[in-house]
Amino acid sequence: VKPCVVLRVTFPGAKRPSPWVVTLLPVAPRGAFAAAKLAPLKNALRPADAEKTQQDCGPSPHYNSAVMEDLRMRDTLELLDGVEQRYVHFPDAVKLLKVWATQRGLLAAKGEAAGTTVSGFALTMLCAHVISAGVPGSGASAYQLFKMTLVALRDTDFATQKLVFGKAAPVALAPEEHNLFTAALMSESGELNYFWRIGSHIGELQDEARGSVAALEAEADPFDSVFGVRVGLEARCDVFLKIQATHSEDEYLIPYTDRQAGRYGACPLADATTVHALALRALAVFRAGLSDRATQYCVRVIPPTQLDQPTGLVIGIRLDPSHATRVLDRGPEADSPQTAEFRRLWGDRAVLRRFKDASILECVVWAEPKYKKIWEDPELPYVPHQMLLHLMELHFKELVDTPGLDGGENVNVLHTPLGINGPLCDAHTALWQQFAEMKEQLEALETLPIAVKEARPSSSGFSYSDLSPEVWIQPPSRANDPPRTLHDAVLEFESSSAWPRAPAAVLRLQTAFLLKIQAELRSQHAVESLITPEYLDVLYPRFVFRLRIFTLGELYEMSTWATVDATLKTRPTWEQTEKIRRVWWGPHARSLLRAVSLIHICSGPTMRLVKKWLASQLVAGYDDLAELLVVQVFTTPGPYAHPPGSPHAAMLRVLALLASFDWAGAPMFVDLDDTFSPDHRHELQLAFERAKGMQGPMPSMWVATKLDPHMLFLRVPPAGLVHRVVALARGALDIATKATLALGDTRLQFRSVFEPDLSTFDAVIHIARAGGRDGAGVVYPQTPEELERMERAAHVETFVTKLREHLDQACHFFPAPQVGRVCVQFKSQAFLPAGQKGMLSSLPRVMVADGETPVTCPNV
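This is a predicted model, so every value here is computed, not measured. (Residues numbered from 1 in each chain as written. Predicted model: local features only at pLDDT ≥ 70, side-chain atom pairs only at ≥ 80, totals over all residues. Heavy atoms only, no water.)

Here's the deal with the overall build of the chain
Counting secondary structure elements, the chain contains 27 helices and 25 strands. Out of the 860 residues belonging to the chain, those deemed buried represent 49%. When contacts within the chain are restricted to residue pairs at least 6 apart in sequence, long-range pairs at least 24 apart make up 66% of them. Within the structure as shown, the chain displays about 41300 Å² of accessible surface, and the carbon and sulfur contribution to it stands at 55%. (Helix = DSSP H or I, 4+ residues; strand = E, 2+ residues; numbered from the N terminus. Buried < 20%, exposed > 50% of the residue type's maximum accessible area, 1.4 Å probe, protein only. Contact = heavy atoms within 4.5 Å. Areas by Shrake-Rupley, 256 points an atom, 1.4 Å probe, with all protein chains shown as cover.)

Let's talk about unusual backbone geometry
Although it is not a glycine, S291 adopts a positive phi angle of roughly 45°. Locating S291 in the fold gives a position in the loop between helix 11 (274-290) and strand 7 (294-302). For S291, a relative accessible area of 36% gives the class partly exposed. Of note in the backbone geometry, Y464 takes a positive phi value of approximately 65° without being a glycine. By the element assignment, Y464 lies in the loop between strand 13 (452-457) and strand 14 (470-471).

Overview of the packing of aromatic side chains
One pass over the full model with this rule turns up 20 aromatic pairs. When the ring of F493 is compared with that of F513, the centres are 4.8 Å apart and the planes differ by 45°; the resulting orientation is tilted. With F493 in strand 15 (residues 485-493) and F513 in helix 17 (residues 503-525), this residue pair connects regions lying 20 residues apart in the sequence. Each member of the pair, F493 as well as F513, is classed as buried. With a centroid separation of 6.4 Å and an interplanar angle of 35°, the aromatic rings of W585 and F713 are classed as tilted. Here W585 is found in helix 19 (residues 574-599), whereas its partner F713 is found in the loop between strand 20 (703-704) and helix 24 (719-741), with 128 residues between them in sequence. (Phe/Tyr/Trp six-rings, centres within 6.5 Å; stacked < 30°, edge-to-face > 60°.)

Comments concerning the sheet that holds strand 10 (residues 350-354)
Spatial ordering of the open sheet is given by 9-11-10, a layout of three strands whose pairing is antiparallel. Lying at the two open borders of the sheet, with one neighbouring strand each, are strand 9 (328-333) and strand 10. Taken over all neighbouring pairs, the strand axes of this sheet differ in orientation by 40° on average, direction set aside. Relative to strand 11 (residues 360-365), strand 10 is paired through five bridges, and the arrangement is antiparallel. Within strand 11, the residue paired with L352 across the bridge is E362. Helix 13 (residues 339-346) rests against strand 9, strand 10 and strand 11 of the sheet, and its axis sits at about 15° to strand 11. (Pairing = 2+ DSSP bridges. Axes fitted to C-alpha atoms, helices over the stretch in contact; angles between N-to-C directions.)

Notes on the sheet that holds strand 4 (residues 171-172)
One open sheet holds the three strands; their spatial order is 4-3-5, and the pairing between them is mixed. Two strands lie at the open edges of the sheet, namely strand 4 and strand 5 (185-186), each paired on one side alone.

A few points about the pattern of salt bridges
According to the stated counting rule, one finds 33 salt bridges in the structure shown. Across the salt bridge formed by E177 and K162, the nearest N and O atoms sit 3.1 Å from each other. Pair noted here: E177 is in the loop between strand 4 and strand 5 and K162 is in strand 3 (residues 161-164), with a separation of 15 residues, a long-range link. Here K738 and D734 are joined by a salt bridge, their closest N and O atoms 3.3 Å apart. Pair noted here: K738 and D734 are both in helix 24, with a separation of four residues, about one helical turn. On the basis of relative accessible area, D734 is assigned to the partly exposed category, the value being 38%. Residues joined by salt bridges that share partners form a network here, namely E578, R581, R582, R590, K611, D624 and E627. (Salt bridge = Lys/Arg side-chain N within 4 Å of Asp/Glu carboxyl O.)

A short note on a nonpolar patch on the surface
Together, V5, L7, V22 and L24 line one region of the surface with nonpolar side chains, adding up to about 310 Å² of accessible area. Sorting the residues of the nonpolar patch by element identifies strand 1 (5-8) and strand 2 (21-24) as the ones contributing at least two each. Residue placement: L24 occurs in strand 2. Judged by its relative accessible area of 43%, L24 is partly exposed. (Patch = residues over 30% accessible without salt bridge, like charges linked within 9 Å, V, L, I, M, F, W, Y side chains within 5 Å.)

A look at the nonpolar core
Grouped burial of nonpolar side chains is what soluble globular proteins tend to show. W613, L658 and V703 are the most contacted members of the largest nonpolar core, which totals 82 residues. In this structure, W613 is in contact with M651, L655, L658, V725, L728, A729, A732, V753 and F754, ignoring residues within four places of it in sequence. Within the second largest apolar cluster, 46 residues are counted, among which are A93, A101, M125 and L145. (Core = buried A, V, L, I, M, F, W, Y, C linked by side-chain atoms within 4.5 Å.)

Here's the deal with the packing of helix 4 (residues 90-103) against helix 5 (residues 120-132)
In the contact formed by helix 4 and helix 5, the axes pass within 10 Å of each other and the chain directions differ by 135°. The angle between the axes of helix 4 and helix 5 places the two elements in the oblique class. As helix 4 packs across helix 5, the resulting crossing turns out to be right-handed. In this structure, helix 4 contributes F90, A93, V94, L97, K98 and A101 to the contact, and helix 5 contributes G120, L123, T124, C127, A128 and I131. Per-class residue counts for the contact of helix 4 with helix 5 are nine nonpolar, two polar and one charged. (Parallel < 35°, antiparallel > 145°, perpendicular 65-115°, else oblique. Left-handed = near helix turned anticlockwise from the far one by under 90°. Nonpolar A, V, L, I, M, F, W, Y, C, P; charged D, E, K, R; others polar.)

Observations regarding the confidence of the model for the chain
Averaged over all residues, the pLDDT of the chain equals 82, while 85% of them reach at least 70. A low-confidence stretch, residues 248-265 stays under pLDDT 50, and its non-local contacts, those more than four residues away or across chains, total 39 contacts. The low-confidence segment residues 372-376, where pLDDT is below 50, has 29 contacts with residues more than four positions distant or belonging to other chains. (pLDDT = per-residue confidence, 0-100.)

Overview of the packing of helix 3 (residues 73-86) against helix 5
Axis separation between helix 3 and helix 5 bottoms out at 10 Å; the angle between their running directions is 50°. One element, helix 3, and the other, helix 5, form an angle in the oblique class. Between helix 3 and helix 5 lies a crossing of left-handed hand. On helix 5, the residues touching T76, L79, L80, V83 and R86 of helix 3 are F121, T124, M125, A128, I131 and S132. Taken together, the residues of the contact of helix 3 with helix 5 break down into seven nonpolar, three polar and one charged.

Let's talk about the side chain of S465
Considering the arrangement of structural elements, one finds S465 in the loop between strand 13 and strand 14. Judged by its relative accessible area of 0%, S465 falls in the buried class. Within polar-contact distance, the side chain of S465 engages the side chain of S463 at 2.8 Å. Polar side-chain contacts of S465 include one of 3.0 Å to the side chain of E627. When sequence neighbours within four positions are dropped, the list of residues in contact with S465 reads S460, R590, G604, M607, R608, K611 and E627. (Polar contact = N/O pair within 3.5 Å; in protein donor to acceptor, adjacent residues only side chain to side chain.)

Written as structure tokens, this is what we have:
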């Protein structure tokens with residue numbers, strides 16, 4: 001905060017205020033103070049009784065830098081003016097740096113409060129340093145200057161080095177300089193550190209520079225990854241530590257050295273303000289405690305909203321999902337010199353354990369959380385949550401014991417506020433074990449005319465992404481059987497030229513194969529099954545596998561028609577591609593989705609969260625689209641530089657993708673198996689361009705893969721519903737952004753993301769619960785309540801199908817099967833006056849008995 005005079009220019013008679021604003025900054029003359037006494041190693045800030053107590057206050061580098069910054073303001077402006085005279089692209093490079101920092105939340109956007117101490121001035125001085133050091137040539141463009149500045153930021157180890165303005169190579173820090181600043185860009189004379197304000201944000205700044213340079217070097221079109229998308233803290237970090245009250249207001253504004261003694265432990269810096277001293281001390285403790293669990297730390301200072309309120313602090317942490325759930329941390333050996341430090345860090349949680357290799361180590365053991373379907377168990381939180389709370393209670397007990405502004409807890413850990421999901425549950429393991437057993441039984445059948453080549457699963461449970469599996473509807477003859485879930489699979493036989501070409505003949509032959517398989521499974525393995533002309537239901541104690549047969553002839557015919565005939569005529573309808581989607585595209589896509597789930601262990605839980613959100617917003621039936629969007633945020637991190645480390649962050653990235661992508665004018669290409677090349681992308685782009693010239697409507701969202709380059713098999717919402725989903729995604733992101741930076745426990749605010757706004761509908765139909773039981777269950781039915789919820793979901797889908805058959809031209813229907821709700825929106829044109837002939841022919845009416853007088857619905 002600097003004293004200044006702001007002059008606003010006004011013109012007589014102008015209807016609008018002028019945008020011109022002149023800021024006058026008072027500057028002391030150059031010789032007003034002795035510069036040698038304001039060097040970083042000097043002390044210019046002493047308590048009033050320092051001489052009496054003979055207290056050694058040490059250096060005050062931050063206070064000295066604040067004074068020197070004012071003293072050298074005119075010199076600095078003249079220096080920048082000289083750089084601009086020599087490099088005409090310098091101003092444009094500075095603009096790029098400021099846009100880049102703003103898009104990453106390091107600089108405040110217009111109308112927002114600054115949560116960091118990173119300034120445009122610091123970035124400007126770094127760019128000027130790169131130019132003055134002679135790194136770029138005289139003809140360097142603004143883009144080249146921008147990239148060189150990020151490289152300088154990325155490659156400097158500020159923990160052991162400092163930059164000196166105009167010198168190309170970093171200079172090693174002297175021993176007495178290590179605890180002065182977190183980062184140093186010193187003036188040529190060594191009097192002023194242009195980076196003195198950055199403080200605890202230098203790590204985040206370097207991480208973002210590292211990711212952006214990688215995008216500039218690796219991506220063919222890095223604009224969106226570097227400049228185009230605003231990267232919010234809510235979608236970048238996985239866990240947040242919130243401290244409501246850190247100190248009083250005056251301690252935030254003025255750095256008093258004598259107030260640091262004994263508060264929050266030893267501060268890494270000499271005279272940092274109290275809030276930044278707390279942030280730096282917390283980061284040091286968390287880095288030691290979380291170790292390889294965390295990969296990035298982001299600090300945001302929350303200014304008080306009222307004069308009598310203290311400053312708040314939010315620390316965001318990005319996790320490594322491969323280590324985040326570890327419940328055992330191994331420390332040093334019992335007789336190691338590091339044992340004392342380990343016990344100081346963990347307190348009474350450190351225990352000795354003996355392992356099978358006879359080693360005796362200091363260890364810390366955490367409780368393994370219970371995974372529910374959507375929400376986290378508050379009594380047994382996630383492992384990083386337990387660790388952060390313990391470290392705060394041990395090392396910052398004064399803060400933990402301080403009551404919060406809202407009367408609640410002063411320190412809150414916000415982790416997975418959308419709920420945690422285990423990457424794999426017992427039901428998924430049992431499903432795969434049962435499927436593997438069935439596959440072995442099928443491959444062992446020797447009496448089939450053609451051997452079974454492959455059995456491919458196609459249901460979402462096989463990729464650990466099912467929100468609620470389909471319940472197998474038992475026929476009356478098996479009414480007493482235990483409840484089972486239904487899962488689709490496809491059989492592929494060895495290739496043979498004996499398969500017929502006519503569709504009716506193919507269907508009869510497939511039915512004959514299914515009859516043979518049914519008889520062999522019963523005789524050889526005592527496995528019961530039920531058959532229809534199209535599929536075979538194989539019954540096991542917990543699961544039913546619905547087997548269909550796939551033949552290569554069907555694929556060849558469909559692919560020839562799609563790539564040759566269809567591109568010259570009209571796009572096929574959903575009904576025309578449904579069969580090939582079910583028996584070919586679905587199983588192949590499912591195997592690739594499972595591979596993604598195994599590589600990125602958070603992707604399966606994220607798919608469940610996104611499906612849950614779509615279902616809660618009454619957008620049902622687009623599970624395949626939700627899964628591909630999740631794959632996109634994991635395989636193409638874009639501006640985030642790293643894949644998400646939690647389902648919470650990944651889902652918010654999906655919402656950001658929905659809200660920011662140009663669905664109407666651009667295609668999206670999803671790489672399911674990490675084999676995309678420039679040629680593949682070119683071919684997919686050509687398929688998109690060819691589709692524009694075809695007859696019939698284009699898909700409202702073009703999400704193509706190598707399995708489906710022509711967008712024939714993926715079901716996407718109509719254009720009107722896409723606009724609604726985009727608006728809902730923006731609203732949910734706004735809620736998440738505010739809840740992330742709001743102090744206190746904001747989990748309930750996050751849960752409102754899953755609450756739909758029913759005020760926009762004309763009618764809401766609630767499906768009654770039999771017996772009044774609540775259906776909040778887990779993935780697979782284990783209780784009658786859970787089974788009832790799944791049966792109700794199936795009933796909702798059947799009910800909506802009948803409604804659409806009779807009233808599709810009069811109403812829009814938005815089902816929510818998981819909660820037993822159907823929302824109705826009337827079509828306005830259905831209620832316009834029309835002639836008798838038109839009313840009888842254009843719009844179906846349903847006759848309803850109202851007492852003795854029959855009426856029509858809708859009754860116009």
